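# Tertiary structure, described
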Amino acid sequence: MENLPALSFLWPKMLWLLVLVPPLAFCYWRLDRLRRGMALRYPALDVVGASARPSRLRRVLPPLLLLLGLCSLIVAMARPQALMMLPSRLETVVLAMDMSGSMRADDIKPTRIYAAQRAAKAFVDGQPANVSVSVVAVAGAAAVVQSPTRKREDVIAAIERLEPQRGTALGSGLIIALATVLPNAGIDVERFLDGGSARGTASADLSAAGRGDAAVPGSYPSGAIVLLSDGQNNTGPDALKAAEVAAGYGVRIFTVGIGTPEGTTLTTDGWSMRVRLDEDVLKKVADMTGAQYFQAQDAGELRKVYRSLSARLAFDKRDVVEITALFTALGALLAVLSGLLSLWWFGRVQ
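Residues numbered from 1 in each chain as written. Predicted model: local features only at pLDDT ≥ 70, side-chain atom pairs only at ≥ 80, totals over all residues. Heavy atoms only, no water.

### Re the sheet that holds strand β5 (residues 142-149)
Defined as follows: Strands qualify as paired when DSSP identifies two bridges or more between them. Going along the chain from the N terminus, every DSSP run of H or I of four or more residues is numbered as a helix, and every run of E of two or more is numbered as a strand. Lines fitted to C-alpha atoms define the axes, with helix axes restricted to the stretch in contact, and inter-axis angles between N-to-C directions lie between 0 and 180 degrees. Contact definition: two residues touch when any of their heavy atoms are within 4.5 Å.
One open sheet holds the six strands; their spatial order is β5-β4-β3-β6-β7-β10, and the pairing between them is mixed. Pairing within the sheet leaves two strands with one partner each, and these edge strands are β5 and β10 (293-296). The average angle at which neighbouring strand axes cross in this sheet is 15°, direction not considered. Across seven bridges, strand β3 (residues 92-98) lies against strand β4 (residues 132-138) in parallel orientation. For M97, the partnering residue across the bridge sits in β4 and is A137. The sheet contacts of helix α9 (residues 279-288) involve β6 (223-229), β7 (252-258) and β10, and relative to β7 the element is tilted by about 160°.

### Observations regarding the nonpolar core
For clarity, the threshold we go by: Only buried Ala, Val, Leu, Ile, Met, Phe, Trp, Tyr and Cys residues count toward a nonpolar core, and they belong to the same one when joined by side-chain atoms within 4.5 Å. Only protein chains enter the accessibility calculation, which uses a 1.4 Å probe. A residue is then buried if its area is under 20% of the maximum for its type, exposed if over 50%, and partly exposed in between.
Ranked by internal contacts, the top residues of the largest apolar core, which has 35 residues, are L95, V226, L302 and Y306. Contributions of two or more residues to this core are made by β3, α3 (112-125), β4, α4 (152-161), β6, β7, β10 and α10 (299-314). With seven residues, α3 is the largest single contributor of residues to this core. Residues in contact with L302, not counting those within four places in the same chain, are A115, A116, A119, L228, V256, I258 and A296.

### Re the confidence of the model for the protein chain
Let me state the cut-off plainly: pLDDT: the predictor's confidence for each residue, scored from 0 to 100.
In the predicted model, the protein chain carries a mean pLDDT of 80, and the fraction of residues at 70 or more is 79%. The lowest-confidence element of the protein chain is helix α7 (residues 202-208), averaging 45 in pLDDT; the highest-confidence one is α4, averaging 94. Confidence drops under pLDDT 50 across residues 47-52; counting only partners more than four residues distant or on other chains, this segment forms six contacts. Counting interchain partners and residues more than four positions distant, the pLDDT-below-50 stretch residues 196-212 has 33 contacts.

### Details of a nonpolar patch on the surface
What counts is decided by this rule: Each patch is built from residues lacking any salt bridge and having more than 30% relative accessible area; the joining distance is 9 Å for like charges and 5 Å for nonpolar side chains (Val, Leu, Ile, Met, Phe, Trp, Tyr). Working definition of accessibility: Shrake-Rupley area with a 1.4 Å probe, residue cover restricted to the visible protein chains. Salt-bridge detection follows one rule: a side-chain nitrogen of Lys or Arg within 4 Å of a carboxyl oxygen of Asp or Glu.
Together, W16, L17, V19, L20, L24, L70 and M77 make up a nonpolar patch on the protein surface, roughly 660 Å² of accessible area in all. For M77, the position within the fold is in helix α2 (residues 56-77).

### Re the packing of α3 against α4
Just so we agree on the cut-off: Under this scheme an angle from 65 to 115 degrees is roughly perpendicular, one under 35 degrees roughly parallel, and one over 145 degrees roughly antiparallel; angles in between are oblique. Under the scheme applied, nonpolar residues are Ala, Val, Leu, Ile, Met, Phe, Trp, Tyr, Cys and Pro; charged residues are Asp, Glu, Lys and Arg; polar residues are all the others, including Gly.
The interhelical angle for the contact between α3 and α4, taken along N-to-C directions, is 170°, at an axis separation of 10 Å. Of the possible angle classes, the one that applies to α3 and α4 is roughly antiparallel. Contacts from Q117, A120, K121, V124 and D125 of α3 reach α4 at R152, V155, I156, I159 and E160. Here the contact of α3 with α4 is composed, by residue class, of five nonpolar, one polar and four charged.

### Points about the packing of helix α5 (residues 170-181) against helix α8 (residues 239-248)
So the rule is basically this: Each crossing is labelled by how the near helix is turned from the far one, with a counterclockwise turn of less than a right angle marking it left-handed and a clockwise turn marking it right-handed.
In contact at an axis separation of 7 Å, α5 and α8 are set at 20° when each is read in the N-to-C sense. One way to sum up the angle between α5 and α8 is to call them roughly parallel. Relative to α8, α5 is oriented so that their crossing is left-handed. Contact residues: α5 offers L170, G171, L174, I175 and L178, while α8 offers A239, A242, V245 and A246. Its residues assigned to classes, the contact of α5 with α8 shows eight nonpolar, one polar and no charged.

### Looking at the environment of T328
By the secondary structure assignment, T328 is in helix α11 (residues 324-346). As for T328 and S72, which are separated by 256 residues in sequence, their C-alpha atoms are 6.7 Å apart.

### Re α4
Convention followed: Directions from the helix axis toward the C-beta atoms define the arc.
Within the span of α4, buried status applies to R152, V155, I156, A158 and I159. Along α4, the residues classed as buried sweep out an arc of 155° about the axis, all on the same side. Facing away from the buried side of α4 by more than 90 degrees, the exposed set consists of E153 and R161. Along its buried surface, α4 packs onto β3, α3, β4 and β5.

### Considerations on the environment of G231
Relative to the elements of secondary structure, G231 occurs in the loop between β6 and α8. Dropping the residues within four chain positions of it, G231 is found in contact with L170, D278, V281 and L282.

### Details of the environment of M97
With respect to the element layout, M97 can be found in strand β3. The class for M97 is buried, based on a relative accessible area of 0%. Sequence separation between M97 and L228 is 131 residues, and the spatial gap between their C-alpha atoms is 5.0 Å.

### A closer look at the pairing of β6
As a general feature of sheets, a regular strand has side chains that alternate between the two faces. In terms of residue burial, β6 counts as a mostly covered element, since seven of its seven residues are buried. Summarising the sheet, β3 and β6 pair through six bridges and their orientation is parallel. Counted as the bridge partner of V93 is A224 from β6. In this structure, β6 lies alongside β7, joined through six bridges in parallel fashion. Looking at the pairing, V226 lines up with F254 of β7.

Spelled out as structure tokens, the structure:
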């Protein structure tokens, strides 16, 4: 879809009719010259009510509008199509937020988790009133801390309650978020968590849910997952396996990488470790599910990411739409305007 032209035609051969426009313009120019010559040679033959010496604008504008209207009608006959962004049918967004200890790092001021919470709250406030938002906390284990709701104050309160914990189980968080988006799909979360790295493939989960065929990645219009993480996964099922299951259901997982590639040294409880942003997994998760990866290296950039993501979710589908009616209406409008100007200025249609 991304490689489709911005404008195409169902009947492109009709565009050959446009070659008639230059000869018509030339014929009008010749007739206008002859008429003006006759008016100068025989002033008594001048049409009553017509201006003896109309301005160049008055002579040129009505026929120009008429020719443009004719061009628009010919383009309409070719049945034009445009690649357009269409409004989303989104109903549920699940925020999966990494609450691992590495989110205490201060390479994003004042800390990764504080910046993430502020940006997430702004993101929630920016969602349309008809969209339900849920929050999944991801650490050594994952859990739904706020079920899907349209009450923004409940979602924001859940985000504010989040605290860093040990471990990062991105795969667990993603499969729980997926089950939250698709509560009636019969996704066997427990089976995936128990043996996800060995048996948690998309085909197995789809069979368990009673679906024979996998959907096209990114094709599910009613729900999406937004994962905010530094990408470091050290426990639980493989995040890519969870992404594979989500892709099989057509659910998009947008990923937001928080932190810097060079990272920083985090000291807590008497031990120190280097924590860096690991983008590889986050990029792969987004690519597999037909979504997009965003990266933020400071709090201001993170807020911009969420604004961009909100816009992407509001108009998230590119599709080809026939716009014949638009060109037809434009052609008719230009033709009518041409006639009205001629009647106004000359008392007749040029």
